[in-house]
Amino acid sequence: MSNIYIAFVDTPGFFASIIRRVIKQRYIHVVIGLDETMEEAYSIGRRNPAIPFFAGFVKEDKEKILKKFPDAGYKVCRVSCSEEQREYIRNALHEMYLHRFRYHYTILGLPLILFQKPFEQRYYHTCSSFLARLFEDAGIWRWKKHTSIVTPRDFYEELEKEEIFEGPLYELVYPKATVWRKVYEQ
């Protein structure tokens, strides 16, 4: 057996606050990682954390995210899978990264998700619809609905996973500094 990792992300901001109200959940973004510290992690998200209008397939950069959103909350979970499933996901992510500018965030799909109307828009996804399709293609998880309308809430409530970290992003990026800070604050 092997593992892949998903992170649920809570970042501040206007667009995030709208999504948070609609899905009624703190964590509004999902990221897939190949390691538990999310050093190699990917998503359909902002190409630059400071600019919400340009989004697509990205390799997550925790340092950049931390600079823009110092109060970002993270929950990292371990998902069990076979070695073959993990390798499938790793290869798919690396291939997509080579062609990353083909993939975009779907703005037009958001109202359809709200009304639970499945849709297909080639190369356009939300963070959760992208991961839902990847999980189905790898044979890790079958959703109860079409992957285009899967939300972060579905990952949070349905997916079999084990929580391994929850806290501010800076604790994930600088774990030793966090230990020192906790000792110093006592």
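Our subject is the structure that appears above.
Visitor: Pulling in residues and values, what's your account of the side chain of Ser148?
Guide: Considering the arrangement of structural elements, one finds Ser148 in the loop between α5 (127-138) and α6 (152-158). Assessed through its relative accessible area of 6%, Ser148 is described here as buried. A polar side-chain atom of Ser148 sits 2.7 Å from a polar atom in the side chain of His146. Once you skip the residues sitting within four places of it in the chain, Ser148 turns out to touch Ile113, Pro118, Phe119 and Ser129.

Visitor: For the pattern of salt bridges, give the residues involved together with the corresponding values.
Guide: For the structure shown, the criterion picks out 12 salt bridges. For the salt bridge of Arg26 with Asp10, the shortest nitrogen-to-oxygen distance reads 3.0 Å. Here Arg26, found in the loop between α1 (14-23) and β2 (29-33), pairs with Asp10, found in strand β1 (residues 2-10); they are 16 residues apart in sequence, far enough to count as distant. The salt bridge involving Lys75 is made with Glu166; its shortest N-O contact spans 3.6 Å. Within this pair, whereas Lys75 is found in strand β5 (residues 73-81), its partner Glu166 is found in strand β8 (residues 162-168), the two being separated by 91 residues in sequence. Exposure remark for Lys75: the relative accessible area of 8% places this residue in the buried category. Three or more residues are tied together by salt bridges with common partners; here these are Asp10, Arg26, Lys75, Glu163 and Glu166.

Visitor: Run through empty space enclosed by the protein, naming residues and quoting values.
Guide: Enumeration according to the criterion identifies one cavity of 30 Å³ or more in this entry. By volume, the largest cavity amounts to about 40 Å³. Forming the walls of the largest cavity are Ala7, Val31, Met38, Ala41, Glu60, Lys62 and Tyr74. Looking at side-chain class alone, the lining of the largest cavity contains five nonpolar, no polar and two charged residues.

Visitor: Can you explain a nonpolar patch on the surface? Please cite residues and give values.
Guide: On the surface, a nonpolar cluster with roughly 730 Å² of combined accessible area is contributed by Phe14, Phe15, Ile18, Val22, Ile107, Leu114 and Phe115. No other element matches the four residues that α1 contributes to the nonpolar patch. Looking at where Ile18 falls in the secondary structure, it is placed in helix α1.

Visitor: Any details on the packing of aromatic side chains? Residues and values, ideally.
Guide: Evaluation of the coordinates by the stated rule reveals 11 aromatic pairs. For the ring pair Phe8 and Tyr27, a centre distance of 6.4 Å and an interplane angle of 55 degrees mean the geometry is tilted. Taken together, the positions of Phe8 in strand β1 and Tyr27 in the loop between α1 and β2 put the pair 19 residues apart, joining distant regions of the chain. The same class applies to Phe8 as to Tyr27, namely buried. Residues Phe8 and Tyr156 carry aromatic rings whose centres are separated by 5.3 Å and whose planes lie at 90 degrees to one another, so their mutual orientation is edge-to-face. Remark: Tyr156 occurs in helix α6 and Phe8 occurs in strand β1; sequence separation between them is 148 residues. What makes Phe8 buried here is its relative accessible area of 0%. Three or more aromatic residues joined by ring pairs make a cluster, and in this case those are Tyr42, Phe57, Tyr97, Tyr103, Tyr123 and Phe130. Above the ring of Tyr97, the side-chain terminus of Arg100 is found at 4.1 Å from the ring centroid. For Lys161, the ring lying beneath its charged end belongs to Tyr156, and the centroid distance is 5.9 Å.

Criteria and cut-off values
- Residues numbered from 1 in each chain as written.
- Predicted model: local features only at pLDDT ≥ 70, side-chain atom pairs only at ≥ 80, totals over all residues.
- Heavy atoms only, no water.
- Helix = DSSP H or I, 4+ residues; strand = E, 2+ residues; numbered from the N terminus.
- Buried < 20%, exposed > 50% of the residue type's maximum accessible area, 1.4 Å probe, protein only.
- Polar contact = N/O pair within 3.5 Å; in protein donor to acceptor, adjacent residues only side chain to side chain.
- Contact = heavy atoms within 4.5 Å.
- Salt bridge = Lys/Arg side-chain N within 4 Å of Asp/Glu carboxyl O.
- 1 Å grid on protein atoms, 1.4 Å probe; cavity = no way out; pocket = protein on both sides within 12 Å on 5 of 7 lines; lining within 4 Å.
- Points joined across faces, edges and corners; volume = space filled by probe spheres on them.
- Nonpolar A, V, L, I, M, F, W, Y, C, P; charged D, E, K, R; others polar.
- Patch = residues over 30% accessible without salt bridge, like charges linked within 9 Å, V, L, I, M, F, W, Y side chains within 5 Å.
- Areas by Shrake-Rupley, 256 points an atom, 1.4 Å probe, with all protein chains shown as cover.
- Phe/Tyr/Trp six-rings, centres within 6.5 Å; stacked < 30°, edge-to-face > 60°.
- Lys NZ or Arg CZ within 6 Å of the ring centre and 35° of its normal.

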